[in-house]
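Descriptive structure summary
As a plain string of letters, each chain reads:
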Amino acid sequence: MDFDVVVIGSGISGACVARELSKYRLRTLVLEKADDLCSGATRGNSATVHSGHDAEYGSLKALYNVRGNAMFDALCADLHVPFVRNGTVIFATGETEMAEVRRLKANADLNGVPGCEVLTRDELNAVEDGWGEGVAGALFAPTGGMVCPYTLAFALCENAAENGVAFRMDTEVTGIARKGGGYVLATNQGCISTTYVFNCAGTHADEMNNFVSGRKLRIIPRKGEHIILDRKLSPFVQRVWSQTPSALPNGGHTKGMGVMPSVDHTIILGCDAHEVRDKDDTSTTPAGTGEIIRFFESNWKHLPISRAYPQFPRDMIISAFGGLRPHSDTDDFVLGQPDDAPGFYNLAGIESPGLTAAPAIASDLVGQAARNHGFAPNPRFSPLRSCPKSFREMTADEREEAIRRDPDYGKFVCRCEQVTLAEIKRAVRSPLGAKTVNGVKMRTRAGMGRCQGGFCGPDVVRILSEELQIPMTAVTQCGEGSYILDSETCIEVEP
């Protein structure tokens, strides 16, 4: 066999599985069809670590949501990933919604979610002052939190790579067949043999399963769009604020529109949820962003931030993004080995609360495989990721020392996010480094500020060109076909 284990997909599920597998002495390969890690569903979600209050009791979503939530403090500390457990407020604007709040509290108790409380209006204002007159009360879930999903996925993959896991980008699985005691994966880069497969293919997980099993899966992509507000608003949003959940026409539900203060101090608003046909469609649309804006224009008065900004601040919108949820027609996660495909482990239908649940799912399934198949421990495994502190997070003394060691720390490339030349070079040079403008953006935040790359964009293109030793016309925004420059022009200036 070429490899002992192949993991299909490098989103949050694949990243968690890769790190768990790196605890064992295995030849493990992660395949990603895109040009970079974490290019699917994980890249475009609300970044919320859910408490588990609304997942249906008895479901896999409920089980792994609560287990996964409890793992985040230690996991993010080991990987040097920012995480804040700031709590979630699900507010109600009338008695009908208060009835839903009470139902959520009962469900949270069944799920074993710690600390949830139903708050009256006065009690809510004691926790966080400034709620509008129309707010009747809320559910407060203190274990809710925020993390950057792609930063976490990158960190998991980097730690897995440090512990011996191999990665291949631009490698799409086009077929899987049983052979002997394992599997042969046909890809656009040739065939790969393996004994075990972990299917973490997101919206395409049903296709991977259906290659090898008679137990057919169906994944329905649901698109959610978000808008991002400028960091100037961050002092006025301390917790996650969300409306009560609502049912979707074709099954399942959405957690409702929410206000999420990101760990990077911007504000995320969203999201809507609509079924789409294209499993890779993460585009934003006027209809989608308009739906979000209309909701908050109507409900802004209910939120504490309205004291500082009485009207929804349209002029503070700096960006928008779309993401896909791989919804299973079972309305639950699909986990483990099909009866007719031993050694093939599904992590399918990993939609919300998938980000929260992923560490616990990976721990359970990889642990199960290790016990069943006798995986030997990796004596050199280290759970700790080596990661220098970002310049914007350094103290004045730390900045001075960083510049003394490397003068490139003294050269700002992105002023909005205070990203230095040294950090961008490191992002490109690392073993799983950036190869595109978006890759640099996701690893360093260069281009994510108020000007959205208007100032730093040309410099990032130039740095990528120099570091990758390619012409600037070959630099792309996000992989094949997304070229930024058509040609280079040399202008001679007379002395």
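The sections below set out a description of the structure shown in this document. (Residues numbered from 1 in each chain as written. Predicted model: local features only at pLDDT ≥ 70, side-chain atom pairs only at ≥ 80, totals over all residues. Heavy atoms only, no water.)

Overview of the overall build of the chain
Within the chain, the secondary structure is distributed over twelve helices and 24 strands. At 23 Å, the chain has a C-alpha radius of gyration in line with the 23 Å of a compact globule built from 495 residues. Based on the C-alpha atoms only, the size of the chain along its principal axes is roughly 75 × 65 × 45 Å. Here the contacts in the chain between residues at least 6 apart in sequence split such that 70% fall between residues at least 24 apart. Looking at the chain as shown, the accessible area adds up to about 21,200 Å², and 50% of this sits on carbon and sulfur atoms. (Helix = DSSP H or I, 4+ residues; strand = E, 2+ residues; numbered from the N terminus. Rg over C-alpha atoms; globule rule 2.2 N^0.38 Å. Contact = heavy atoms within 4.5 Å. Areas by Shrake-Rupley, 256 points an atom, 1.4 Å probe, with all protein chains shown as cover.)

A few points about the pattern of salt bridges
In total, this model carries 31 salt bridges according to the counting rule given. One salt bridge in this structure joins Asp-331 and Lys-61, with 3.8 Å as the shortest N-O distance. Here Asp-331, found in the loop between β20 (317-328) and β21 (334-336), pairs with Lys-61, found in helix α2 (residues 60-79); they are 270 residues apart in sequence, far enough to count as distant. What makes Asp-331 partly exposed here is its relative accessible area of 31%. Across the salt bridge formed by Arg-462 and Asp-459, the nearest N and O atoms sit 3.7 Å from each other. (Salt bridge = Lys/Arg side-chain N within 4 Å of Asp/Glu carboxyl O. Buried < 20%, exposed > 50% of the residue type's maximum accessible area, 1.4 Å probe, protein only.)

Side note on the sheet that holds strand β8 (residues 145-147)
Overall, antiparallel pairing links the three strands, which are arranged β3-β8-β4 in an open sheet. A single partner strand is all that each edge strand has here, and the edge strands are β3 (48-49) and β4 (83-84). Looking at chain direction, β3 and β8 are connected through two bridges and run antiparallel. Directly across from Val-49, in β8, lies its bridge partner Gly-145. (Pairing = 2+ DSSP bridges.)

Quick look at the state of the cysteines
Counted under the stated rule, the structure contains zero disulfides. Free of any disulfide, Cys-157 has its nearest cysteine sulfur in Cys-38, 7.7 Å distant. (Disulfide = S-S within 2.5 Å.)

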